[in-house]
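Now for the letters of each chain:
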Amino acid sequence: MKCLPEDPYRLLPQELELIFAVRRGVCLYLSFANWLFDKTGQRDDADGSVDSVPTERLRAKQRFNSTYSLWVMANYLVAQCDLLLKGKDDTHLASVKPNFKFDPGKGFTRDLMLTLSYYADTLNSENSEGLRTVKQSDDILSVSRDFWKTVADKASALFPQTDPNLQIIVQTATFKYNEFVIQGFKVEYQAQAKATVWWSPVKEADIVSNDESVLQLKRLAHRIALYDVDRKMNPMCEFGTVYESVLLDGAPGTGKTMLMKFFITLLSSLSEQVGLQCVVRSLEASQVKSEWFGRSGRLVKEMTEAVTDPQSLGVLIADDVDLMVSNRDEPGTGGADRDILKGLMDFFSGVGTAFRGNYTSIAATNKPTATDDALRQRFVYRTIVRGPQSCEDFVDMTFLQLRRPAKFDLLDVGRGKYAPMSRKKSARVSAELKGTHKGSTWEDIGHYIEEIRHDNPFFTARSVKNALDVVIAKASDFDIPDNWFLDPSTFRTKPWDERIKMIRSLYTVKIDANMIMAALEEQRESEKRYELESYLKPRN
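The rules behind these values
- Think of each chain on its own: its residues are numbered from 1, step by step along the sequence as written.
- It should be noted that, the model being predicted, local features are given only for residues of pLDDT at least 70 and side-chain atom pairs only at 80 or more, the latter also being counted only at that level, while totals for whole chains, interfaces and linings use all residues.
- Only hydrogens and water are removed before side-chain values are computed, so all heavy atoms of the structure are retained for them.
- Numbered from the N terminus, helices here are DSSP runs of H or I no shorter than four residues, and strands are runs of E no shorter than two.
- Helix span is expected to be 1.5 Å times the residue number reduced by one.
- The definition of a nonpolar core used throughout is a set of buried Ala, Val, Leu, Ile, Met, Phe, Trp, Tyr and Cys residues joined through side-chain atoms within 4.5 Å.
- To sort residues, take the accessible area from a 1.4 Å probe on protein chains only and compare it with the maximum for the residue type: under 20% means buried, over 50% means exposed, and anything in between is partly exposed.
- The contact definition used throughout considers only heavy atoms, calling two residues in contact when any of these lie within 4.5 Å.
- For salt bridges, the criterion is a side-chain nitrogen of Lys or Arg within 4 Å of an Asp or Glu carboxyl oxygen.

Student: Explain helix α8 (residues 256–274) residue by residue, including any values.
Tutor: The terminal C-alpha atoms of α8 lie 27 Å apart, and with 19 residues this matches the ideal 27 Å at 1.5 Å per residue to within 8%. Phi for G275, located one or two positions after α8, is positive at around 75°.

In C-alpha coordinates form, the structure reads like this:
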(Lines give C-alpha, C1' and ligand atoms only; values in the text may rest on other atoms or scores of the structure.)
Protein backbone atom coordinates (compact mmCIF):
# COMPACT_ATOMS: atom_id res chain seq x y z
CA MET A 1 0.00 0.00 0.00
CA LYS A 2 3.03 2.28 0.15
CA CYS A 3 2.49 3.74 -3.31
CA LEU A 4 2.89 7.49 -2.96
CA PRO A 5 6.08 8.65 -4.67
CA GLU A 6 6.58 11.84 -2.65
CA ASP A 7 7.73 9.96 0.47
CA PRO A 8 8.69 6.33 -0.21
CA TYR A 9 9.82 5.62 3.36
CA ARG A 10 7.32 7.26 5.69
CA LEU A 11 3.61 6.52 5.84
CA LEU A 12 1.58 9.65 5.12
CA PRO A 13 -1.62 10.35 7.11
CA GLN A 14 -3.91 9.23 4.26
CA GLU A 15 -2.03 5.94 3.93
CA LEU A 16 -2.09 5.33 7.66
CA GLU A 17 -5.83 6.04 7.88
CA LEU A 18 -6.45 3.71 4.96
CA ILE A 19 -4.35 0.91 6.45
CA PHE A 20 -6.40 1.04 9.64
CA ALA A 21 -9.61 1.02 7.59
CA VAL A 22 -8.49 -2.01 5.53
CA ARG A 23 -7.46 -3.77 8.70
CA ARG A 24 -10.92 -3.24 10.18
CA GLY A 25 -12.47 -4.32 6.89
CA VAL A 26 -10.50 -7.58 6.97
CA CYS A 27 -11.68 -8.14 10.54
CA LEU A 28 -15.27 -7.67 9.38
CA TYR A 29 -14.70 -10.13 6.54
CA LEU A 30 -13.30 -12.79 8.87
CA SER A 31 -16.06 -12.20 11.42
CA PHE A 32 -18.82 -12.66 8.83
CA ALA A 33 -17.01 -15.59 7.28
CA ASN A 34 -16.82 -17.37 10.63
CA TRP A 35 -20.47 -16.58 11.40
CA LEU A 36 -21.71 -17.85 8.02
CA PHE A 37 -19.43 -20.90 8.25
CA ASP A 38 -21.49 -22.00 11.24
CA LYS A 39 -24.87 -20.50 10.33
CA THR A 40 -25.09 -22.09 6.85
CA GLY A 41 -23.94 -25.49 8.14
CA GLN A 42 -20.74 -25.38 6.12
CA ARG A 43 -18.69 -26.40 9.15
CA ASP A 44 -20.78 -29.53 9.72
CA ASP A 45 -20.74 -30.47 6.04
CA ALA A 46 -16.99 -30.05 5.79
CA ASP A 47 -16.39 -31.91 9.06
CA GLY A 48 -14.35 -29.01 10.45
CA SER A 49 -12.37 -28.23 7.30
CA VAL A 50 -13.11 -25.24 5.11
CA ASP A 51 -11.59 -26.37 1.82
CA SER A 52 -11.11 -30.13 1.90
CA VAL A 53 -14.50 -31.46 0.65
CA PRO A 54 -15.17 -30.32 -2.95
CA THR A 55 -18.87 -31.20 -3.20
CA GLU A 56 -21.36 -29.04 -5.12
CA ARG A 57 -23.24 -28.32 -1.89
CA LEU A 58 -20.08 -27.12 -0.18
CA ARG A 59 -19.01 -25.12 -3.22
CA ALA A 60 -22.39 -23.33 -3.26
CA LYS A 61 -22.12 -22.48 0.43
CA GLN A 62 -18.50 -21.39 0.12
CA ARG A 63 -19.34 -19.21 -2.87
CA PHE A 64 -22.22 -17.47 -1.07
CA ASN A 65 -20.38 -17.06 2.23
CA SER A 66 -17.25 -15.58 0.64
CA THR A 67 -19.30 -13.36 -1.66
CA TYR A 68 -21.39 -11.95 1.19
CA SER A 69 -18.37 -11.46 3.45
CA LEU A 70 -16.48 -9.64 0.68
CA TRP A 71 -19.57 -7.56 -0.05
CA VAL A 72 -19.70 -6.42 3.60
CA MET A 73 -15.97 -5.63 3.62
CA ALA A 74 -16.16 -3.72 0.34
CA ASN A 75 -19.12 -1.57 1.39
CA TYR A 76 -17.42 -0.74 4.68
CA LEU A 77 -14.27 0.42 2.89
CA VAL A 78 -16.26 2.48 0.39
CA ALA A 79 -17.95 4.25 3.33
CA GLN A 80 -14.59 4.82 5.03
CA CYS A 81 -13.06 6.31 1.90
CA ASP A 82 -16.08 8.59 1.50
CA LEU A 83 -15.61 9.80 5.07
CA LEU A 84 -11.91 10.45 4.59
CA LEU A 85 -12.65 12.41 1.40
CA LYS A 86 -15.59 14.30 2.89
CA GLY A 87 -15.43 18.02 2.20
CA LYS A 88 -12.69 17.66 -0.41
CA ASP A 89 -13.01 18.45 -4.09
CA ASP A 90 -12.62 15.02 -5.71
CA THR A 91 -13.18 16.18 -9.28
CA HIS A 92 -9.41 16.35 -9.85
CA LEU A 93 -8.53 13.13 -8.03
CA ALA A 94 -7.53 9.92 -9.79
CA SER A 95 -10.28 7.57 -10.90
CA VAL A 96 -10.08 3.96 -12.07
CA LYS A 97 -12.33 1.26 -13.51
CA PRO A 98 -10.76 -1.97 -12.23
CA ASN A 99 -11.06 -5.00 -14.49
CA PHE A 100 -10.43 -8.29 -12.72
CA LYS A 101 -12.02 -11.71 -12.44
CA PHE A 102 -14.25 -11.91 -9.38
CA ASP A 103 -14.95 -15.58 -8.75
CA PRO A 104 -15.18 -16.31 -5.01
CA GLY A 105 -15.72 -19.81 -3.66
CA LYS A 106 -12.16 -21.10 -3.45
CA GLY A 107 -11.98 -20.80 0.33
CA PHE A 108 -12.20 -17.88 2.74
CA THR A 109 -8.45 -17.31 2.97
CA ARG A 110 -7.76 -17.64 -0.75
CA ASP A 111 -10.73 -15.47 -1.73
CA LEU A 112 -9.50 -12.74 0.58
CA MET A 113 -5.89 -12.97 -0.62
CA LEU A 114 -6.93 -12.82 -4.28
CA THR A 115 -9.11 -9.76 -3.68
CA LEU A 116 -6.33 -7.97 -1.78
CA SER A 117 -3.85 -8.80 -4.54
CA TYR A 118 -6.20 -7.21 -7.09
CA TYR A 119 -6.42 -4.20 -4.77
CA ALA A 120 -2.63 -3.87 -4.57
CA ASP A 121 -2.38 -4.11 -8.36
CA THR A 122 -4.97 -1.34 -8.72
CA LEU A 123 -3.12 0.98 -6.35
CA ASN A 124 0.09 0.49 -8.32
CA SER A 125 -1.53 0.62 -11.75
CA GLU A 126 -0.57 2.96 -14.58
CA ASN A 127 -2.75 4.93 -16.95
CA SER A 128 -2.74 4.73 -20.74
CA GLU A 129 0.26 7.07 -20.87
CA GLY A 130 2.34 4.83 -18.63
CA LEU A 131 2.11 7.17 -15.63
CA ARG A 132 1.22 6.10 -12.09
CA THR A 133 -2.48 6.46 -11.34
CA VAL A 134 -1.84 7.51 -7.74
CA LYS A 135 0.03 10.84 -7.92
CA GLN A 136 -1.02 12.69 -4.77
CA SER A 137 -2.00 11.83 -1.23
CA ASP A 138 -5.78 11.86 -1.72
CA ASP A 139 -5.55 9.77 -4.92
CA ILE A 140 -4.98 6.67 -2.83
CA LEU A 141 -8.38 7.23 -1.22
CA SER A 142 -10.26 7.89 -4.46
CA VAL A 143 -8.67 4.88 -6.20
CA SER A 144 -9.41 2.68 -3.18
CA ARG A 145 -13.02 3.83 -3.22
CA ASP A 146 -13.34 2.97 -6.91
CA PHE A 147 -11.83 -0.49 -6.39
CA TRP A 148 -13.98 -1.50 -3.44
CA LYS A 149 -17.09 -0.08 -5.12
CA THR A 150 -16.34 -2.43 -8.01
CA VAL A 151 -15.96 -5.36 -5.60
CA ALA A 152 -19.29 -4.52 -3.97
CA ASP A 153 -21.01 -4.26 -7.37
CA LYS A 154 -19.56 -7.58 -8.58
CA ALA A 155 -20.63 -9.28 -5.35
CA SER A 156 -24.17 -7.86 -5.67
CA ALA A 157 -24.37 -9.21 -9.23
CA LEU A 158 -23.59 -12.73 -7.95
CA PHE A 159 -26.26 -12.85 -5.22
CA PRO A 160 -29.16 -13.74 -7.60
CA GLN A 161 -27.14 -16.79 -8.69
CA THR A 162 -26.84 -18.14 -5.13
CA ASP A 163 -29.12 -20.52 -3.21
CA PRO A 164 -32.28 -18.66 -2.00
CA ASN A 165 -32.18 -20.70 1.23
CA LEU A 166 -28.76 -19.20 1.99
CA GLN A 167 -30.00 -15.71 1.18
CA ILE A 168 -32.78 -16.04 3.76
CA ILE A 169 -30.18 -16.49 6.51
CA VAL A 170 -28.86 -12.97 6.07
CA GLN A 171 -32.04 -11.27 4.84
CA THR A 172 -33.58 -11.24 8.32
CA ALA A 173 -30.37 -10.37 10.18
CA THR A 174 -29.07 -6.96 11.23
CA PHE A 175 -25.43 -6.26 12.06
CA LYS A 176 -23.92 -3.08 13.46
CA TYR A 177 -20.30 -2.11 13.74
CA ASN A 178 -20.06 1.40 15.18
CA GLU A 179 -21.70 3.59 12.49
CA PHE A 180 -21.74 0.81 9.88
CA VAL A 181 -25.07 -1.05 9.72
CA ILE A 182 -25.90 -4.11 7.58
CA GLN A 183 -29.52 -5.15 7.19
CA GLY A 184 -29.64 -8.18 4.94
CA PHE A 185 -28.52 -6.90 1.55
CA LYS A 186 -28.79 -3.22 2.49
CA VAL A 187 -26.01 -1.02 3.80
CA GLU A 188 -26.39 2.09 5.91
CA TYR A 189 -23.73 4.31 7.39
CA GLN A 190 -25.22 6.11 10.38
CA ALA A 191 -23.22 9.01 11.77
CA GLN A 192 -22.73 8.45 15.47
CA ALA A 193 -24.41 10.92 17.71
CA LYS A 194 -21.75 13.37 18.70
CA ALA A 195 -21.51 14.90 22.12
CA THR A 196 -24.07 17.69 22.03
CA VAL A 197 -23.23 21.07 23.42
CA TRP A 198 -26.06 22.13 25.68
CA TRP A 199 -26.11 25.81 26.46
CA SER A 200 -28.59 28.33 27.75
CA PRO A 201 -29.25 30.95 25.05
CA VAL A 202 -27.52 34.28 25.61
CA LYS A 203 -28.61 37.46 23.85
CA GLU A 204 -26.66 40.65 23.38
CA ALA A 205 -28.73 42.39 26.05
CA ASP A 206 -27.60 39.78 28.58
CA ILE A 207 -23.93 40.79 28.33
CA VAL A 208 -22.44 43.54 30.45
CA SER A 209 -19.48 45.52 28.99
CA ASN A 210 -16.99 43.76 26.65
CA ASP A 211 -18.50 45.90 23.89
CA GLU A 212 -15.74 45.34 21.35
CA SER A 213 -15.80 41.56 21.77
CA VAL A 214 -19.59 41.48 21.49
CA LEU A 215 -19.54 43.61 18.35
CA GLN A 216 -16.80 41.58 16.66
CA LEU A 217 -18.43 38.24 17.47
CA LYS A 218 -21.80 39.54 16.32
CA ARG A 219 -20.36 40.69 13.00
CA LEU A 220 -18.41 37.45 12.58
CA ALA A 221 -21.61 35.41 12.97
CA HIS A 222 -23.44 37.59 10.44
CA ARG A 223 -20.60 37.28 7.94
CA ILE A 224 -20.42 33.49 8.31
CA ALA A 225 -24.18 33.31 7.67
CA LEU A 226 -23.64 34.77 4.18
CA TYR A 227 -22.00 31.47 3.17
CA ASP A 228 -23.11 30.12 -0.22
CA VAL A 229 -23.61 26.37 0.16
CA ASP A 230 -23.90 25.79 -3.61
CA ARG A 231 -20.70 27.63 -4.43
CA LYS A 232 -19.10 26.35 -1.21
CA MET A 233 -17.62 29.76 -0.55
CA ASN A 234 -18.49 32.85 1.46
CA PRO A 235 -18.54 36.13 -0.49
CA MET A 236 -16.96 37.81 2.55
CA CYS A 237 -13.86 35.69 1.93
CA GLU A 238 -13.27 37.84 -1.14
CA PHE A 239 -12.65 40.72 1.27
CA GLY A 240 -10.86 38.63 3.91
CA THR A 241 -13.32 39.66 6.63
CA VAL A 242 -14.20 36.17 7.87
CA TYR A 243 -11.55 34.72 10.14
CA GLU A 244 -11.32 31.12 11.26
CA SER A 245 -10.24 31.53 14.89
CA VAL A 246 -10.75 33.79 17.90
CA LEU A 247 -8.94 33.70 21.25
CA LEU A 248 -10.73 35.26 24.22
CA ASP A 249 -8.08 36.18 26.78
CA GLY A 250 -9.16 37.30 30.22
CA ALA A 251 -9.16 36.64 33.93
CA PRO A 252 -11.69 34.22 35.46
CA GLY A 253 -15.18 35.68 35.71
CA THR A 254 -14.82 38.35 33.03
CA GLY A 255 -17.46 36.85 30.72
CA LYS A 256 -15.58 34.66 28.23
CA THR A 257 -18.01 31.74 28.45
CA MET A 258 -20.91 34.19 28.18
CA LEU A 259 -19.45 35.51 24.92
CA MET A 260 -19.15 31.98 23.55
CA LYS A 261 -22.78 31.24 24.38
CA PHE A 262 -23.80 34.51 22.74
CA PHE A 263 -22.01 33.56 19.52
CA ILE A 264 -23.54 30.07 19.45
CA THR A 265 -27.01 31.49 20.08
CA LEU A 266 -26.66 34.07 17.32
CA LEU A 267 -25.13 31.73 14.73
CA SER A 268 -27.81 29.10 15.44
CA SER A 269 -30.54 31.71 14.91
CA LEU A 270 -28.98 32.97 11.68
CA SER A 271 -28.51 29.42 10.36
CA GLU A 272 -32.25 28.82 10.76
CA GLN A 273 -32.99 32.00 8.82
CA VAL A 274 -30.80 30.95 5.88
CA GLY A 275 -31.91 27.30 5.99
CA LEU A 276 -28.61 25.69 6.96
CA GLN A 277 -27.67 23.40 9.80
CA CYS A 278 -25.51 24.83 12.58
CA VAL A 279 -22.90 22.36 13.83
CA VAL A 280 -21.48 23.06 17.29
CA ARG A 281 -18.68 21.02 18.81
CA SER A 282 -17.08 21.55 22.21
CA LEU A 283 -13.53 20.38 22.67
CA GLU A 284 -13.34 18.79 26.11
CA ALA A 285 -10.70 16.53 27.63
CA SER A 286 -13.26 13.87 28.58
CA GLN A 287 -14.26 13.53 24.92
CA VAL A 288 -10.93 13.48 23.12
CA LYS A 289 -8.16 12.39 25.48
CA SER A 290 -7.39 8.69 25.14
CA GLU A 291 -4.60 6.43 26.27
CA TRP A 292 -4.60 4.67 22.91
CA PHE A 293 -1.95 5.80 20.46
CA GLY A 294 -3.35 8.07 17.78
CA ARG A 295 -6.95 7.89 19.00
CA SER A 296 -7.00 11.40 20.47
CA GLY A 297 -5.86 12.81 17.14
CA ARG A 298 -8.62 10.93 15.30
CA LEU A 299 -11.26 12.18 17.75
CA VAL A 300 -10.11 15.78 17.24
CA LYS A 301 -10.18 15.23 13.49
CA GLU A 302 -13.77 13.93 13.66
CA MET A 303 -14.79 17.10 15.51
CA THR A 304 -13.04 19.47 13.12
CA GLU A 305 -14.43 17.64 10.08
CA ALA A 306 -17.96 18.00 11.47
CA VAL A 307 -17.45 21.74 12.01
CA THR A 308 -15.94 22.32 8.56
CA ASP A 309 -18.62 20.33 6.69
CA PRO A 310 -19.27 22.43 3.55
CA GLN A 311 -23.00 21.69 3.77
CA SER A 312 -23.45 23.55 7.04
CA LEU A 313 -22.30 26.39 9.28
CA GLY A 314 -20.14 25.47 12.24
CA VAL A 315 -18.25 26.56 15.32
CA LEU A 316 -15.67 24.73 17.43
CA ILE A 317 -15.59 25.79 21.08
CA ALA A 318 -12.54 25.28 23.29
CA ASP A 319 -13.17 26.75 26.73
CA ASP A 320 -10.09 26.88 28.97
CA VAL A 321 -7.89 25.77 26.09
CA ASP A 322 -4.83 26.10 28.33
CA LEU A 323 -6.14 23.19 30.41
CA MET A 324 -6.88 21.14 27.31
CA VAL A 325 -3.59 21.68 25.47
CA SER A 326 -0.55 22.55 27.54
CA ASN A 327 2.83 23.64 26.27
CA ARG A 328 4.58 20.75 24.56
CA ASP A 329 7.68 21.36 26.72
CA GLU A 330 5.80 21.16 30.01
CA PRO A 331 6.61 18.17 32.25
CA GLY A 332 3.92 15.50 32.07
CA THR A 333 2.83 16.31 28.53
CA GLY A 334 1.86 12.94 27.07
CA GLY A 335 1.05 11.39 23.72
CA ALA A 336 -2.64 12.37 23.92
CA ASP A 337 -1.66 16.02 24.50
CA ARG A 338 0.60 15.97 21.46
CA ASP A 339 -2.09 14.28 19.35
CA ILE A 340 -4.59 16.99 20.29
CA LEU A 341 -2.03 19.74 19.74
CA LYS A 342 -1.13 18.37 16.30
CA GLY A 343 -4.81 18.12 15.31
CA LEU A 344 -5.53 21.68 16.39
CA MET A 345 -2.37 23.05 14.76
CA ASP A 346 -3.45 21.49 11.46
CA PHE A 347 -6.97 22.87 11.90
CA PHE A 348 -5.97 26.46 12.70
CA SER A 349 -4.73 27.53 9.28
CA GLY A 350 -2.41 24.56 9.15
CA VAL A 351 -1.84 21.61 6.88
CA GLY A 352 -4.72 20.78 4.58
CA THR A 353 -6.96 23.61 5.78
CA ALA A 354 -9.12 25.09 3.03
CA PHE A 355 -11.12 27.91 4.62
CA ARG A 356 -14.48 28.42 2.91
CA GLY A 357 -15.90 30.92 5.38
CA ASN A 358 -18.60 28.63 6.79
CA TYR A 359 -17.11 28.09 10.24
CA THR A 360 -14.96 29.54 12.97
CA SER A 361 -13.43 28.41 16.25
CA ILE A 362 -13.52 30.24 19.55
CA ALA A 363 -11.16 29.43 22.40
CA ALA A 364 -10.91 31.00 25.84
CA THR A 365 -8.04 31.07 28.29
CA ASN A 366 -7.20 32.47 31.71
CA LYS A 367 -3.48 31.83 31.21
CA PRO A 368 -2.45 32.26 27.57
CA THR A 369 1.19 31.50 28.31
CA ALA A 370 0.20 28.06 29.59
CA THR A 371 -0.88 27.22 26.04
CA ASP A 372 1.66 26.11 23.48
CA ASP A 373 3.27 29.20 21.91
CA ALA A 374 2.82 28.01 18.31
CA LEU A 375 -0.84 27.16 18.90
CA ARG A 376 -1.52 30.55 20.51
CA GLN A 377 -0.03 32.32 17.49
CA ARG A 378 -2.39 30.43 15.18
CA PHE A 379 -5.39 32.34 16.49
CA VAL A 380 -6.15 35.10 14.01
CA TYR A 381 -8.14 37.41 16.26
CA ARG A 382 -7.14 37.82 19.91
CA THR A 383 -9.19 40.03 22.16
CA ILE A 384 -8.76 40.95 25.82
CA VAL A 385 -11.92 40.29 27.82
CA ARG A 386 -11.89 42.63 30.81
CA GLY A 387 -15.44 42.28 32.13
CA PRO A 388 -17.34 45.03 33.96
CA GLN A 389 -15.23 48.14 34.62
CA SER A 390 -17.42 51.19 35.33
CA CYS A 391 -20.15 52.01 37.82
CA GLU A 392 -22.73 51.64 35.05
CA ASP A 393 -21.36 48.19 34.20
CA PHE A 394 -21.79 47.00 37.77
CA VAL A 395 -25.28 48.48 37.96
CA ASP A 396 -26.26 46.55 34.84
CA MET A 397 -24.66 43.37 36.15
CA THR A 398 -26.52 43.64 39.47
CA PHE A 399 -29.79 44.35 37.69
CA LEU A 400 -29.41 41.34 35.37
CA GLN A 401 -28.67 39.04 38.29
CA LEU A 402 -31.85 40.21 40.05
CA ARG A 403 -34.16 39.92 37.04
CA ARG A 404 -36.11 36.99 38.45
CA PRO A 405 -37.07 38.61 41.76
CA ALA A 406 -37.87 41.83 39.87
CA LYS A 407 -40.23 39.87 37.62
CA PHE A 408 -42.43 39.13 40.65
CA ASP A 409 -42.16 42.62 42.15
CA LEU A 410 -39.74 41.49 44.86
CA LEU A 411 -37.17 44.20 44.23
CA ASP A 412 -37.19 47.62 45.85
CA VAL A 413 -34.17 49.75 44.88
CA GLY A 414 -34.33 53.52 44.55
CA ARG A 415 -33.61 55.13 41.20
CA GLY A 416 -30.65 57.44 40.74
CA LYS A 417 -29.15 59.28 37.80
CA TYR A 418 -28.43 56.07 35.89
CA ALA A 419 -31.27 53.71 34.96
CA PRO A 420 -30.18 50.06 34.64
CA MET A 421 -29.45 48.86 31.09
CA SER A 422 -29.58 52.37 29.62
CA ARG A 423 -25.89 52.63 28.72
CA LYS A 424 -25.41 53.09 24.99
CA LYS A 425 -23.02 50.53 23.56
CA SER A 426 -20.46 51.33 20.91
CA ALA A 427 -21.59 50.61 17.37
CA ARG A 428 -18.21 51.11 15.74
CA VAL A 429 -14.69 49.77 16.16
CA SER A 430 -12.66 51.51 13.47
CA ALA A 431 -11.63 54.32 15.84
CA GLU A 432 -9.49 51.79 17.72
CA LEU A 433 -7.31 51.44 14.65
CA LYS A 434 -6.32 55.08 14.66
CA GLY A 435 -2.79 55.46 15.87
CA THR A 436 -0.03 58.07 15.71
CA HIS A 437 1.43 57.12 12.34
CA LYS A 438 -0.42 59.44 9.97
CA GLY A 439 1.32 59.89 6.64
CA SER A 440 3.29 56.65 6.99
CA THR A 441 4.49 54.90 3.82
CA TRP A 442 5.16 51.30 2.78
CA GLU A 443 8.79 51.77 3.78
CA ASP A 444 7.71 53.01 7.20
CA ILE A 445 5.66 49.86 7.65
CA GLY A 446 8.61 47.68 6.66
CA HIS A 447 11.01 49.53 8.99
CA TYR A 448 8.52 49.32 11.85
CA ILE A 449 8.15 45.54 11.46
CA GLU A 450 11.94 45.25 11.26
CA GLU A 451 12.20 47.25 14.50
CA ILE A 452 9.66 45.00 16.22
CA ARG A 453 11.46 41.92 14.94
CA HIS A 454 14.78 43.21 16.26
CA ASP A 455 13.20 43.86 19.66
CA ASN A 456 11.37 40.52 19.73
CA PRO A 457 12.75 37.69 17.53
CA PHE A 458 9.55 35.72 18.15
CA PHE A 459 7.50 38.35 16.29
CA THR A 460 7.30 36.26 13.14
CA ALA A 461 5.56 36.48 9.79
CA ARG A 462 2.54 34.82 11.40
CA SER A 463 2.35 37.68 13.92
CA VAL A 464 2.35 40.16 11.03
CA LYS A 465 -0.32 38.17 9.21
CA ASN A 466 -2.54 38.09 12.31
CA ALA A 467 -2.19 41.87 12.71
CA LEU A 468 -3.15 42.44 9.08
CA ASP A 469 -6.12 40.08 9.39
CA VAL A 470 -7.33 42.16 12.32
CA VAL A 471 -6.95 45.33 10.23
CA ILE A 472 -9.03 43.81 7.45
CA ALA A 473 -11.70 42.64 9.89
CA LYS A 474 -11.95 45.95 11.73
CA ALA A 475 -11.94 47.96 8.52
CA SER A 476 -15.23 46.32 7.58
CA ASP A 477 -16.88 48.53 10.17
CA PHE A 478 -20.49 47.92 9.19
CA ASP A 479 -23.40 45.64 10.01
CA ILE A 480 -25.02 43.32 7.48
CA PRO A 481 -28.63 44.37 6.73
CA ASP A 482 -31.12 42.03 8.43
CA ASN A 483 -33.18 41.55 5.26
CA TRP A 484 -30.20 39.85 3.58
CA PHE A 485 -30.93 36.87 5.84
CA LEU A 486 -34.72 37.09 6.02
CA ASP A 487 -35.45 37.61 2.31
CA PRO A 488 -33.32 35.50 -0.10
CA SER A 489 -34.18 37.74 -3.06
CA THR A 490 -32.45 40.74 -1.48
CA PHE A 491 -29.02 39.10 -1.48
CA ARG A 492 -28.65 35.32 -1.42
CA THR A 493 -30.22 34.55 -4.80
CA LYS A 494 -28.44 37.35 -6.63
CA PRO A 495 -25.44 36.59 -8.92
CA TRP A 496 -22.10 36.25 -7.16
CA ASP A 497 -20.58 39.38 -8.70
CA GLU A 498 -23.59 41.46 -7.74
CA ARG A 499 -23.34 40.24 -4.14
CA ILE A 500 -19.67 41.27 -4.09
CA LYS A 501 -20.63 44.78 -5.27
CA MET A 502 -23.36 45.00 -2.59
CA ILE A 503 -20.85 44.15 0.12
CA ARG A 504 -18.33 46.65 -1.27
CA SER A 505 -20.94 49.40 -1.07
CA LEU A 506 -21.17 48.91 2.71
CA TYR A 507 -17.54 49.92 3.27
CA THR A 508 -17.01 53.46 4.56
CA VAL A 509 -13.25 53.46 5.25
CA LYS A 510 -10.12 52.45 3.41
CA ILE A 511 -7.13 50.77 5.02
CA ASP A 512 -4.21 53.16 5.32
CA ALA A 513 -0.68 52.87 6.66
CA ASN A 514 -1.76 54.45 9.94
CA MET A 515 -4.27 51.66 10.58
CA ILE A 516 -1.75 48.97 9.64
CA MET A 517 0.94 50.29 11.97
CA ALA A 518 -1.57 50.74 14.78
CA ALA A 519 -2.57 47.08 14.44
CA LEU A 520 1.08 46.01 14.36
CA GLU A 521 1.67 48.00 17.53
CA GLU A 522 -1.31 46.31 19.17
CA GLN A 523 0.04 42.92 18.15
CA ARG A 524 3.47 43.90 19.46
CA GLU A 525 2.07 44.83 22.86
CA SER A 526 0.13 41.57 22.98
CA GLU A 527 3.23 39.51 22.22
CA LYS A 528 5.25 41.54 24.74
CA ARG A 529 2.67 40.81 27.42
CA TYR A 530 2.76 37.09 26.69
CA GLU A 531 6.55 37.16 26.74
CA LEU A 532 6.57 38.93 30.12
CA GLU A 533 4.05 36.53 31.64
CA SER A 534 6.04 33.58 30.33
CA TYR A 535 9.21 35.03 31.87
CA LEU A 536 7.58 35.61 35.26
CA LYS A 537 5.78 32.26 35.39
CA PRO A 538 8.75 30.15 36.58
CA ARG A 539 9.49 32.74 39.29
CA ASN A 540 6.04 32.65 40.86
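Next comes the rest of the description.
Student: Could you give me a rundown of the nonpolar core, with the residues and numbers involved?
Tutor: Counting 64 residues, the largest nonpolar core has V246, L248, F263, V315, L344 and I362 as the members making the most contacts within it. With nine residues, α8 is the single largest residue contributor to this core. If we ignore the near neighbours within four places in the chain, the residues touching F263 are L217, L220, A221, I224, V315, T360 and I362. Ranked by size, the runner-up nonpolar core spans 49 residues in total, among them V22, L93, Y119 and I140.

Student: Any chance you could break down the environment of C27 for me, citing the residues and the numbers?
Tutor: Relative to the elements of secondary structure, C27 occurs in helix α1 (residues 13–39). Here C27 falls in the partly exposed class, since its relative accessible area comes to 47%. In this structure the C-alpha to C-alpha distance between C27 and M73, which are 46 residues apart in sequence, comes to 8.5 Å.

Student: Now, about the pattern of salt bridges: what can you tell me, with residues and values included?
Tutor: If you walk through the whole model with that rule in mind, you get 17 salt bridges. Between R63 and D103 there is a salt bridge, with its nearest N and O atoms 2.7 Å apart. In this pair, R63 is assigned in helix α3 (residues 56–84) and D103 in the loop between α3 and α4 (108–123), connecting sequence segments 40 residues apart. Taking the relative accessible area as the measure of exposure, R63 reaches 25% and is therefore partly exposed. What makes D103 partly exposed here is its relative accessible area of 30%. A salt bridge links E204 to K218; the shortest N-O distance between them is 3.5 Å. Of this pair, E204 sits in the loop between β3 (186–189) and α7 (211–224) while K218 is found in helix α7, placing the two residues 14 residues apart along the sequence.

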